[in-house]
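Descriptive structure summary
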There are 2 protein chains.
Amino acid sequence: MASLAPAIAPRSPATIQFSRGVPPPEAIPAQELAAIARSVVTPPAPRVFQYAPSDGFLGDAVLREAVAARHAADASQVFIGNGSLQILDLIATLLIGADRDVVIVERPSYDRAIRIFGRRGGETVGIPLHHDGVDVEALEAQLRKGRTALIYLIPDFQNPTGVTTSLAKRLRISALAAEYNVTVIEDTPYRQLRLTGAEQPLFSELRSGARVITLGSLSKTVSPGLRIGYAIAEARFARQLADLATDIYLSPAPLCQSIAAECFSRGLVERNIDVTRDLLRPKWSAAIACVQAQFADSCIAVPEGGFFLGLMVRSRLTERELIAAAASEGVVLTPGSAFFPRNEQPAAGTVFLRLPFHALQHQEFETGLTILHQIIRS
Amino acid sequence: MASLAPAIAPRSPATIQFSRGVPPPEAIPAQELAAIARSVVTPPAPRVFQYAPSDGFLGDAVLREAVAARHAADASQVFIGNGSLQILDLIATLLIGADRDVVIVERPSYDRAIRIFGRRGGETVGIPLHHDGVDVEALEAQLRKGRTALIYLIPDFQNPTGVTTSLAKRLRISALAAEYNVTVIEDTPYRQLRLTGAEQPLFSELRSGARVITLGSLSKTVSPGLRIGYAIAEARFARQLADLATDIYLSPAPLCQSIAAECFSRGLVERNIDVTRDLLRPKWSAAIACVQAQFADSCIAVPEGGFFLGLMVRSRLTERELIAAAASEGVVLTPGSAFFPRNEQPAAGTVFLRLPFHALQHQEFETGLTILHQIIRS
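Residues numbered from 1 in each chain as written. Chains lettered and ligands numbered in written order. Predicted model: local features only at pLDDT ≥ 70, side-chain atom pairs only at ≥ 80, totals over all residues. Heavy atoms only, no water.

1. What about the sheet that holds strand β4 (residues 123–130) of chain A?
Residues and elements named next belong to chain A. Convention followed: Two strands are counted as paired when DSSP detects at least two bridges linking them. Segments assigned H or I by DSSP are reported as helices when at least four residues long, segments assigned E as strands when at least two residues long, and all are numbered from the N terminus. Contacts are assigned to residue pairs that have any heavy atoms within 4.5 Å of one another. Throughout, an axis means a line fitted to C-alpha atoms (over the contacting stretch in the case of helices), and angles, computed between N-to-C directions, take values from 0 to 180 degrees.
Pairing is mixed across the open sheet formed by eight strands, whose spatial order is β2-β9-β8-β7-β6-β3-β4-β5. Two strands close off the open sheet at either side, each with one partner strand: β2 (78–81) and β5 (133–134). In terms of strand pairing, β2 meets strand β9 (residues 229–232) through four bridges, oriented antiparallel. Paired with Gly81 across the two strands is Gly229, which belongs to β9. Its contacts with the sheet put helix α7 (residues 235–248) on β2, β8 (212–217) and β9, and the angle it makes with β2 is roughly 25°.

2. Observations concerning the relation of the copies chain A and chain B
How we decide: Superposition of the copies was done by least squares, using only C-alpha atoms of residues whose pLDDT is at least 70 in both.
Its rotation angle being 180°, the transformation that places chain A on chain B also includes 0.0 Å of axial translation and leaves an RMSD of 0.0 Å. Given the turn and translation reported, the copies of this chain are related as if by a two-fold rotation axis. Considering only C-alpha atoms, the residue of chain A closest to the rotation axis is Arg38(A), which sits at 2.6 Å. In this assembly the copies share their binding face: 100% of the residues contributing to the interface of chain A also contribute to that of chain B.

3. Some words on the interface of chain A and chain B
Applicable threshold: Put simply, buried area is how much 1.4 Å-probe accessible surface two parts lose in total, over both of them, once they are put together. One side-chain nitrogen of Lys or Arg within 4 Å of one carboxyl oxygen of Asp or Glu is enough to make a salt bridge. The term polar contact refers here to a pair of N or O atoms within 3.5 Å; inside protein, the definition further demands a hydrogen-donor-capable atom paired with an acceptor-capable atom, and it admits residues adjacent in sequence only when both atoms are side-chain atoms.
Taken residue by residue, the interface counts 54 residues in chain A and 54 residues in chain B. In this assembly, chain A packs against chain B so that about 4,300 Å² is buried in total across both faces, 57% of it on carbon and sulfur atoms. On the chain A side of the contact with chain B, Phe49(A), Tyr51(A) and Asp247(A) bury the most area, a combined 18% of that side's loss. Our enumeration of links across chain A and chain B arrives at six salt bridges. The salt bridge partner of Arg112(A) is Asp247(B), with a shortest N-O separation of 3.6 Å. Where chain A meets chain B, there are 18 residue pairs in polar contact (both at pLDDT 80 or more). Elements that contribute at least two residues to the side of chain A that touches chain B include exactly α1 (30–40), α3 (84–95), α4 (111–119), α7 and α8 (254–265) of chain A. By residue number, the principal contributor to the side of chain A that touches chain B is α1(A), which donates six residues.

4. Some thoughts on the sheet that holds strand β9 (residues 229–232) of chain B
Residues and elements named next belong to chain B. On the basis of which strands lie adjacent, the open sheet formed by eight strands has the order β2-β9-β8-β7-β6-β3-β4-β5 and mixed pairing. Two strands close off the open sheet at either side, each with one partner strand: β2 (78–81) and β5 (133–134). Sheet analysis places strand β3 (residues 102–107) next to strand β6 (residues 148–153), joined by four bridges and oriented parallel. When the sheet's bridge partners are listed, Val103 is paired in β6 with Leu150.

5. Details of the packing of aromatic side chains
Cut-off, in case you're wondering: Any Phe, Tyr or Trp ring, taking Trp's six-membered ring, that has another such ring centre within 6.5 Å forms a pair; planes under 30 degrees apart are called stacked, those over 60 apart edge-to-face, and the others tilted. Three labels apply to residues, based on accessible area from a 1.4 Å probe with only protein chains included: buried if under 20% of the type maximum, exposed if over 50%, partly exposed otherwise in between.
Within the structure shown, the criterion is met by 14 aromatic pairs over all chains. Seen from their ring centres, Phe18(A) and Phe365(A) are 5.3 Å apart, and the 85° between their planes marks the pair as edge-to-face. Of this pair, Phe18(A) sits in strand β1 (residues 16–18) while Phe365(A) sits in helix α11 (residues 362–377); the two residues are 347 residues apart in sequence, bridging distant segments of the chain. Taken individually, Phe18(A) and Phe365(A) each receive the classification buried, so the pair is uniform in this respect. Centroid distance Phe339(B) to Phe352(B): 6.0 Å. Interplanar angle 85°. Geometry classified as edge-to-face.

6. Quick look at the confidence of the model for chain A
Atomic detail in the predicted coordinates should be set aside for any region of low pLDDT. Residues and elements named next belong to chain A. Operational definition: Scored from 0 to 100, pLDDT records how confident the predictor is in each individual residue.
Across chain A, pLDDT averages 92, with 95% of residues at or above 70. Low confidence marks residues 1–11, where pLDDT is under 50. Its contacts with residues over four positions away, or in another chain, come to zero contacts. In the predicted complex, the global pTM is 0.93; the interface-specific ipTM is 0.91.

7. Focus: unusual backbone geometry
In this structure, Pro108(B) follows Arg107(B) across a cis peptide bond, with omega equal to 10°. Look at the link from Asn159(B) to Pro160(B): it is a cis peptide, with omega at 20°. Inspection of the secondary structure puts Pro160(B) in the loop between β6 and α6 (167–179). A positive phi is found at Arg227(A), a non-glycine position, where the angle reads about 55°. Structurally, Arg227(A) is set in the loop between β8 and β9.

8. Section: the pairing of strand β6 (residues 148–153) of chain A
Residue and element names in this part refer to chain A. Our working definition: The definition of a right-handed crossover adopted here requires that, viewed with the strands pointing away, the path from the first strand over the helix to the second runs clockwise.
By the criterion of burial, β6 is predominantly enclosed, with six of the six residues buried. With four bridges joining them, β6 and strand β7 (residues 183–187) adopt parallel strand pairing. Looking across to β7, one finds that Tyr152 is bridged to Ile185. What joins β6 to β7 is helix α6 (residues 167–179), and the crossover it makes is right-handed.

If you want it as structure tokens, here you go:
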């Protein structure tokens, strides 16, 4: 329906979303995905509308082979879920127990992960995150207290800070996890979106003896709508995940799994990673330049890829006041405290800001940042 | 690869699966679903490969309208999930608390539901199930003890017994739920598959004042592979489900939701219900005839539809011995004790058997039943 515009419309400020991290539409290969969808439902009678076969709860066999090949793992180690977040919920359900209830996370960390651990009986403890990874002394001190069920890390271009954990810290954390017999979950949704610097090994490649579960996803590289994520773990644990999933939701939709498998076999995953990196690069470099011009002293790390920049800003305003002031200028922020266990503030007089740069035009990013700068420094 | 058969192959008995309830392939309208899948990914650029819109976590708007129309509800009361089982897991997470930890179920009840309640902190209490529903005196005695979070019922053609709860008992249970301020979950995956008798009202239609959550699914009527289920509840609670789902798995795949919405708008859901009932009818009537001939005194109820018949048989063999004996004759059974809280046996010298008839040819059903009869009565 056409709406009748008033003769003189009030000019509201454009909204700049420094909030939800939805990929830009041009990063999703919708036409190729549509072609794949059409092909996987082509007769002879497609099995994708039936239940998954009873041995298929680990996931579509072709898809698991493709994921295993990417990770030099065996298909028996691969479990496919409805996005990696849901797999984290299954892991939390399996591994958090009455005697092992502490979950160690980076501080700050992914807000939904923190809430999942709390909901499944975990006490989430944050270890301060520096530009090159967590404070390993603080990590060891926490491990020494016992009761740790899990260490949850996002080692590449972390959400929400953009930090990449250095090799030295990966080695040290891995050794500590082995020493204290604690499972490491490495969540790697952004790993393929590296824009500069050398790729660091996965924790699963370090062979320290630590138990490692690697989580990956197609949401940031091909299609969030497929809702396909995966875990790579010991085969025995992958089977436990499948058994638990079978008891909660059976399996991801076979149709989505078949499409994802075709995305791998047609090379679309790798091709679209290149497309996405090309889309990200100018936004990323412009965002870094803006931040260095206006907030150089507040930037936690210069990200080497991914979607996010994190600022730790000194502010006379409280978080709530800052968000309200920004909103009145058309800048929408996610409350930074959501990324801290128990929604704690990082420190008195300090506010944490997550700045996603992937879904904004760089002019929008600059305008938003300038507005934030004026609010914070006024 | 071709296998080299030995010159004289030992003749192993044909396997008869009285176990998993997978619908027969002819009950799934694969070609129409494929056509719908092709249409929903047709350009202009399909949005189904993006995240669901941020206000779409309750589910696809068209699909919710269709479900609401079926249930004379408002779309704001509808929440779409990855199958109804997963919604049950969300409900258990939300409603089972430290002070309200008892979940009342029919005894026997759906095995996966029982395990979900236990996993989310519930103490599951079974109320004996008769041919017309639970023992309402025992239900009231249990409610009087307090601490009840939920009453979970499958009122139509129950899994695993085939029992339909009578109107009189629906009214009484509903009044008790209102009196004791306890939420009723009615799980209705088989409801549309009625083959005889008059449809009973849903608990949600009884207006006793009790809070009711109705769970439904497309798995038994259109396609298990779509993994689309729904809940109808108070709008406020539907929103709570959406918020929790957003924190665990975001949303079901938009592609599957769009296909499901089209299934409703093209009339495929209703058409395929008729197809499925026509497929079921001869299997159902033959199964009832067999059971009445061989196990008339053990049959809990003559089902009026659905997939299942339940037997409570006197047996000198233990459940384990009976399952092993049946397996050696090529008959695969689900352990009946799985349908009882804490895997209890129904009573000394008694074994519960769930007999799905929907996925077997009636000759197979008869052969399987005869084998069971010989084992049990020998």
